[in-house]
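Here's the letter readout for the chains.
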Amino acid sequence: MDAVTEVADEVDVLVVGAGPTGLMLGAELALGGVRVQILERRTAAQRDSRALTLHPRSIELMDQRGLVERFLARGRAVPEWHFAGLDTRLDFSALDTRHGYTLFLTQARTEQLLTERARELAGPIRRGYEVVGLRQDADGDGGRDGGQGGRAAVGGVEVDVRGPGGGLRTIRARYVVGCDGGRSAVRRAAGIAFPGTDETLTGALGDFAVVDPAALDRARAAGVLVAPLETDGPADGPADGPANGSSEGRTGGLTRLVLIDPRRMRTPSAEPLTPEEFRSSLVDLCGTDCGVARPRWLSRFGNATRLAARYRAGRVLLAGDAAHIHFPAAGQGLNTGLQDAMNLGWKLAAEIHGWAPPGLLDSYHAERHPVGRAVTENTEVQTLLLELTLLPPYQRPAAALRTLLTELLGIEEVNRRLAGRISALDTVYPPTTADADPLAGRRMPDIALTAEGSAAIRVHELLPPARFVLLDLAGDEQLRQTVTPGWGRRVTALTVTRHDHRADLDGVREILIRPDGHIAWATRAPSLPDRRIARHRALTDWAGPPAQG
């Protein structure tokens with residue numbers, strides 16, 4: 001358990017919620033030089049893990065921050081994934097990435113690793129604090145102090161929190177980000193609507209220390225998801241493994257079973273799930289209870305689907321489950337939250353430091369809200385495909401539909417398209433200008449390169465400092481003289497002497513990479529004077545006006 005530590009009275013950004021999204025955001029803000037504080041209502045770290053996966057784009061994010069080896073050391077790579085449990089799997093290994101796999105890693109372990117990172121950068125997480133009220137200044141966004149590279153003029157939010165002892169106190173923050181889950185107190189206090197649909201279907205999951213390995217194939221054939229978990233648990237081992245230490249009847253560590261029982265799929269998710277009920281569901285579905293014993297965790301989960309009407313209301317922003325909830329189809333929820341945090345962190349830091357160009361912070365909603373909508377929609381589709389097979393009037397046509405979709409997924413291009421969507425590798429943010437290069441908004445490929453003045457040998461090794469990276473592929477001898485004086489604290493400018501060949505980079509002379517790894521700007525202009533003019537405009541549009549003096 002984390003020691004309870006005193007909260008600050010005033011910070012730049014208050015992050016509410018120490019789940020994966022809040023921890024990732026806290027680390028990103030700290031990288032940006034922001035005074036950040038993370039508050040968490042729970043008094044102890046997460047032990048139970050609904051989410052189990054990091055998808056390729058999330059693994060890339062960890063790579064971009066120099067963290068990927070920590071995660072790979074604790075997870076298990078799985079090159080294939082699924083859409084609605086269809087028999088033909090999504091082939092992540094065929095995608096355009098160094099990380100063409102899902103990493104099987106419990107949410108508890110992910111939180112532990114991100115907690116370590118947040119503490120390295122931002123200090124301790126304050127546990128046992130609950131938000132009970134929130135008030136924004138009347139000026140909304142406030143003003144700027146007019147200085148270059150300074151902090152924006154003080155305005156902010158007052159947040160009332162109840163501490164571990166029950167006492168109330170008020171924290172003043174320049175901005176507040178709600179990463180506090182589907183029942184977000186921050187979202188409610190900010191008056192942000194959360195439209196969508198209520199729960200109509202529930203599934204059940206159980207983490208067991210004992211199973212019968214011989215029965216697991218029957219469970220899989222009946223549509224039960226079977227997932228071996230870590231042998232050592234998230235932090236201090238399983239709460240209740242076999243008392244005598246025997247491994248008889250175990251598959252190693254805990255084994256998760258996830259199912260939807262037609263007889264119980266309308267049971268509200270809030271209703272407790274008993275071991276007896278879970279065993280009964282297994283017997284109904286596959287003719288055996290799979291020898292499950294010593295449950296560590298039992299839970300129901302539902303298909304309530306909601307998307308915040310806006311991700312920003314003045315100085316209050318939302319990320320992760322506070323902004324979007326849905327059925328956990330294809331394991332996208334945690335990953336979407338991490339990607340929200342990566343998009344928001346550098347933009348909020350720019351606003352705090354006073355150099356953000358107009359509209360930069362608003363682009364968080366403009367870029368991530370459509371992603372949230374796409375995820376909620378595809379999870380609704382997957383849920384429908386699962387549910388119809390359980391309803392007698394629709395079972396025959398639903399089975400035929402699933403067979404058809406399974407065949408379509410056997411087409412390489414169809415498989416790649418859907419795999420790109422689920423993995424989030426195909427996320428493209430809308431261009432900001434009509435004449436933007438086709439690369440703008442896309443994730444920058446992690447190509448191998450040699451750059452003057454840098455020891456990095458691939459793109460992702462350039463991104464841990466969370467700065468813009470300007471790659472000159474055409475050899476402008478005055479690159480640093482034209483970039484460093486005005487943007488040196490925000491932009492790393494490098495002349496690339498060698499890089500992997502890619503067709504989509506043919507003719508590209510310069511690329512400006514955002515701190516989150518997406519491409520802000522690229523040019524193919526052959527004229528060096530034209531490139532310099534366009535470069536200055538792009539740097540101003542994205543990294544703010546140049547510093548004076």
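Residues numbered from 1 in each chain as written. Predicted model: local features only at pLDDT ≥ 70, side-chain atom pairs only at ≥ 80, totals over all residues. Heavy atoms only, no water.

Caption draft 1: How the structure looks around helix α1 (residues 20-31). The first and last C-alpha atoms of α1 sit 17 Å apart over twelve residues, in line with the 16 Å expected at 1.5 Å per residue. A large share of α1 lies buried, amounting to eleven of its twelve residues. Taken as a whole, α1 has its buried residues at P20, T21, G22, L23, M24, L25, G26, A27, E28, L29 and A30. As for α1, its buried residues are in contact with β1 (10-16), β2 (36-40), α2 (56-64), α4 (107-122), β11 (168-178) and α8 (333-353). Once α1 ends, the next one or two residues include G33, with phi positive near 75 degrees. (Helix = DSSP H or I, 4+ residues; strand = E, 2+ residues; numbered from the N terminus. Expected span 1.5 Å × (residues − 1). Buried < 20%, exposed > 50% of the residue type's maximum accessible area, 1.4 Å probe, protein only. Contact = heavy atoms within 4.5 Å.)

Caption draft 2: Up close: the sheet that holds strand β16 (residues 293-302). The strand order across the open sheet built from four strands is β14-β15-β13-β16, with neighbouring strands paired in antiparallel fashion. Edge positions in the open sheet fall to β14 (225-228) and β16, since each of these has one partner strand only. Averaged over all pairs of adjacent strands, the angle between their axes in this sheet comes to 20 degrees, without regard to strand direction. As paired elements, strand β13 (residues 202-210) and β16 share eight bridges and run antiparallel to each other. Bridging from a neighbouring strand, A204 pairs with R300 of β16. Against the sheet, helix α7 (residues 275-286) engages β13, β15 (255-259) and β16, with an angle of about 65 degrees to β15. (Pairing = 2+ DSSP bridges. Axes fitted to C-alpha atoms, helices over the stretch in contact; angles between N-to-C directions.)

Caption draft 3: Expanded view of the sheet that holds strand β23 (residues 491-499). Spatial ordering of the open sheet is given by β21-β23-β22-β24-β25, a layout of five strands whose pairing is mixed. In the strand order of this sheet, the two ends are held by β21 (449-451) and β25 (519-523), each with one partner. Averaged over all neighbouring strand pairs, the angle between strand axes comes to 30 degrees, with direction disregarded. The pairing of strand β22 (residues 468-472) with strand β24 (residues 510-513) spans four bridges and is antiparallel. If you follow D472 over to β24, its bridge partner there is E510.

Caption draft 4: Summary view of the nonpolar core. Of all hydrophobic cores here, the largest spans 70 residues; its most connected members are V13, L14, F71, V176, V177 and L348. Per element, the largest residue contribution to this core is eight residues, and it comes from α8. Leave out the neighbours within four places in its chain, and L348 touches V13, L29, Y175, V177, L317 and L361. Counting residues in each nonpolar core, the second largest holds 21 residues, with L52, A84, F104 and A209 among its members. (Core = buried A, V, L, I, M, F, W, Y, C linked by side-chain atoms within 4.5 Å.)

Caption draft 5: Representation of the environment of G507 within the structure. For G507, the position within the fold is in the loop between β23 and β24. We classify G507 as partly exposed; its relative accessible area is 39%. Separated by 495 residues in the primary sequence, G507 and D12 have C-alpha atoms spaced 42 Å apart. Those residues within four positions of G507 in sequence are excluded, and the remaining contacts are T523 and R524.

Caption draft 6: Geometry of the packing of aromatic side chains. All chains considered together, the criterion is met by six aromatic pairs. Taking 5.3 Å as the distance between ring centres and 85 degrees as the angle between the ring planes, the aromatic pair formed by W346 and F468 counts as edge-to-face. One end of the pair, W346, is in helix α8; the other, F468, is in strand β22, and 122 residues separate them in sequence. Considering the side-chain rings of W355 and F468, the 6.5 Å spacing of their centres and the 65 degrees angle between planes classify their relative orientation as edge-to-face. With W355 in the loop between α8 and α9 (363-388) and F468 in strand β22, this pair connects stretches of sequence that are 113 residues apart. Summarising the burial analysis for this pair, W355 and F468 share the class buried. Members of the aromatic cluster, connected to one another through ring pairs, are W346, W355 and F468. (Phe/Tyr/Trp six-rings, centres within 6.5 Å; stacked < 30°, edge-to-face > 60°.)

Caption draft 7: Seen up close, the side chain of D472. Structurally, D472 is set in strand β22. Within the buried core, D472 has no salt-bridge partner, and the shortest N-O distance to an opposite charge, that of R531, equals 4.9 Å. (Lys, Arg positive; Asp, Glu negative; His and termini not counted. Salt bridge = Lys/Arg side-chain N within 4 Å of Asp/Glu carboxyl O.)

Caption draft 8: Representation of the pattern of salt bridges in the model. For the coordinates displayed, the defined rule picks out 43 salt bridges. A salt bridge links R535 to D476; the nearest nitrogen and oxygen atoms lie 2.8 Å apart. Here R535, found in helix α13 (residues 528-543), pairs with D476, found in the loop between β22 and α12 (479-487); they are 59 residues apart in sequence, far enough to count as distant. Here R535 and D476 have matching classes, each one buried. Here the salt bridges do not stand alone but share partners, grouping D261, R263, R264, E277, D284 and R300 into one network.

Caption draft 9: How the structure looks around the pairing of β25. Of all five residues making up β25, five are buried, and the element is well covered by its neighbours. Here β24 pairs with β25 via four bridges, running antiparallel. Of the residues in β25, the one forming a bridge with L512 is W521. Hairpin connection from β24 to β25: five residues lie between these consecutive antiparallel strands, with G517 at a positive phi of about 90 degrees.

Caption draft 10: Local environment of a nonpolar patch on the surface. Taken together, L401, L404, L408, I411 and V414 make up a surface patch of nonpolar side chains, about 370 Å² in accessible area. Considering each element in turn, the nonpolar patch owes the most residues, three residues, to helix α10 (residues 395-408). Note that V414 resides in helix α11 (residues 412-423). You can call V414 partly exposed: its relative accessible area is 33%. (Patch = residues over 30% accessible without salt bridge, like charges linked within 9 Å, V, L, I, M, F, W, Y side chains within 5 Å. Areas by Shrake-Rupley, 256 points an atom, 1.4 Å probe, with all protein chains shown as cover.)

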